[in-house]
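Summary of structural features
Residue strings, one per chain:
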Amino acid sequence: MEFETKCLHSGFDPYEFKDNPALPPIYQNTSFLFDSPEHAANLFALKDEGQIYTRIGNTTVSVLEERVARLEEGSGAVAVSSGQAAITLAILGLAGQGDEVIASSYLYGGTYTLFRYTLPRFGIKVKFVDINDLSALKDAINDKTRAIYGEVIGNPSLIPMDIEAIAKVAHSYGIALVVDNTFATPFLVQPIKWGADVIVHSMTKYLSGHGTSIGGIIVESGNFDWKGSGRYPSLIQPDPAYHNLNFWETFGNTAYTNRVRLSLLRDIGPALSPMNAYLILLGIETLHLRMERHSENAKIVAEFLESRDDVSKVFYPGLKSSPYFELAKKYFYRGLFSGMVCFSLKQGRPAGEAFIKNLPLFYHLANVGDARSLVIHPASTTHQQLTLEQLEAAGIDEGFIRLSIGIESIEDIVTAIEKALVSI
Ligand SMILES: Cc1ncc(COP(=O)(O)O)c(C=O)c1O
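Per chain, residue numbering runs from 1 following the sequence as it is written. Local features in this predicted model are restricted to residues whose pLDDT is 70 or higher, and side-chain atom pairs enter the listing and the counts only when it is 80 or higher, whereas totals over whole chains, interfaces and linings include all residues. Hydrogens and water are ignored here; the side-chain numbers use all heavy atoms of the structure.

Quick notes on the pattern of salt bridges
- One side-chain nitrogen of Lys or Arg within 4 Å of one carboxyl oxygen of Asp or Glu is enough to make a salt bridge. Here the structure, examined in full by the defined rule, presents 15 salt bridges.
- Where D99 meets R146, a salt bridge forms, and the shortest distance between an N and an O atom there is 3.6 Å. Of this pair, D99 sits in the loop between α4 (83-92) and β2 (100-104) while R146 sits in strand β4 (residues 145-151), placing them 47 residues apart in sequence. Each of the two residues, D99 as well as R146, counts as buried.
- Between R349 and E398 there is a salt bridge, with the nearest N and O atoms lying 2.9 Å from each other. Separated by 49 residues along the polypeptide, R349 in helix α16 (residues 348-357) and E398 in the loop between α17 (388-393) and β12 (400-404) bring together distant segments of the chain.
- In the salt-bridge network here, residues are joined through shared partners; they are D162, E164 and K330. By definition, any uninterrupted DSSP run of H or I lasting at least four residues is a helix, any uninterrupted run of E lasting at least two residues is a strand, and each is numbered from the N terminus. Relative accessibility under 20% of the residue-type maximum defines a buried residue, over 50% an exposed one, and the middle range a partly exposed one, all with a 1.4 Å probe and only protein chains included.

Pasting the structure below:
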């Protein structure tokens, strides 16, 4: 199936369900009945396939997992309760106490604080580097490195990752590359084709697309040699936490997915609600159409902002003047660069605040990827906890505004932005 068709059909066969429902039913139940004691024992021993308990698996959630796995062209996926849960479990599936992770310095603020403060409290050290600087990346790698992590385009700097080059370095050391594809979505960038091993999403954003549901997902490429690497004993040795199951021998190219589900999701518990899975599945049906319109509108907004004297800098990887245009073109293979546009106002923080106060149409809130246009001032909100130096390392300043361009009429969007700029 082509991408557009997969958005509507993959992972769901109506004829497998009673009465052939046209949409995946919402299995809003915590548990699934066993046919017999033997059936129960076989499900727990993984000898039979089937659902047991919604914390580790649910029929509606499974449709979503299968659909996103197909869209990313991975071998399997685990859906969880938020993007943050996806990132946390993705890392815990690779690293434990005493291990290290190397992360891009261009990250979403929540991911940054997870890496900078929370993971180290559990003994996982995270080193931050300019991820496209391959010699800095190599210098940061040592025997303890268990993952290299970055965002396909950083939030909010919108700097693209050179996925292919970074994957080559990671693989030459037997390290898995984990990427956050939230901002690009698999419609615009297919990280697995370029060598990414694990993909995470905040499905809260473009996948859901309508601001209805918090959700996250972890996708495995199925290409990483967990055994050959030598860095991931928990995947290739008997796991005492799951009656000595050897994930690699049992599941092969979905070893990581199954460990994340059967061990981490089971024990830590950030399950996605079936209702949210249903709403996200509805969102995905129009992902391709929305991403086209988001991208077309965003490009026009970026060009408009570039023409303004009161704007010092525009961040949009699809602008020909962007220093990242060539890099972005390589990965955004449709020539569409998503709906996020950021810019800096010459007059700094007061101008940033005035812009938001005077901007009609846009919703001022802490989300992106909604069908509606959204705006935020990161320095006073999502990135509030960062020092000026940390802000600079994340590629932003105090007059920086993040726009998530919606699918409204482009005339209305540009008129609203112009009005706010004029009123400053
Ligand atoms: C790029 C990126 N990754 C992950 C997250 C976290 O996702 P969630 O809010 O669903 O936990 C966000 C949230 O804004 C994000 O922008």
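A look at the domain arrangement of the protein
- Split into domains, the protein comes out as domain 1 (3-282) and domain 2 (288-423).
- Throughout the structure description, domain borders are defined by an automatic or database domain assignment. If you average the C-alpha positions of domain 1 and of domain 2, the two centres end up 28 Å apart.
- Contact between two residues is taken to exist if any of their heavy atoms lie within 4.5 Å; hydrogens are not considered. Each side of the interface is counted separately: domain 1 has 41 residues, and domain 2 has 42 residues.
- Accessible area that two parts lose when put together, with a 1.4 Å probe and added across both, is what the buried area reports. Buried area between domain 1 and domain 2, summed over both chains or domains, comes out near 3,400 Å², and the portion from carbon and sulfur atoms is 65%.
- Among the residues domain 1 hides against domain 2, the three largest losses belong to F187, L188 and Y206. Together they make up 23% of the total.
- Scanning the region where domain 1 abuts domain 2 turns up two salt bridges.
- A salt bridge links D162 to K330; the shortest N-O distance between them is 3.9 Å.
- Two N or O atoms form a polar contact when they lie within 3.5 Å of each other; inside protein one atom must be a possible hydrogen donor and the other a possible acceptor, and for residues adjacent in sequence the pair counts only when both atoms belong to side chains. There are 13 residue pairs in polar contact (both at pLDDT 80 or more) connecting domain 1 and domain 2.
- Residue composition of the side of domain 1 that touches domain 2, grouped by class: 24 nonpolar, 12 polar and five charged. Throughout this entry, Asp, Glu, Lys and Arg are counted as charged residues, while Ala, Val, Leu, Ile, Met, Phe, Trp, Tyr, Cys and Pro are counted as nonpolar. The remaining residues, Gly among them, count as polar.

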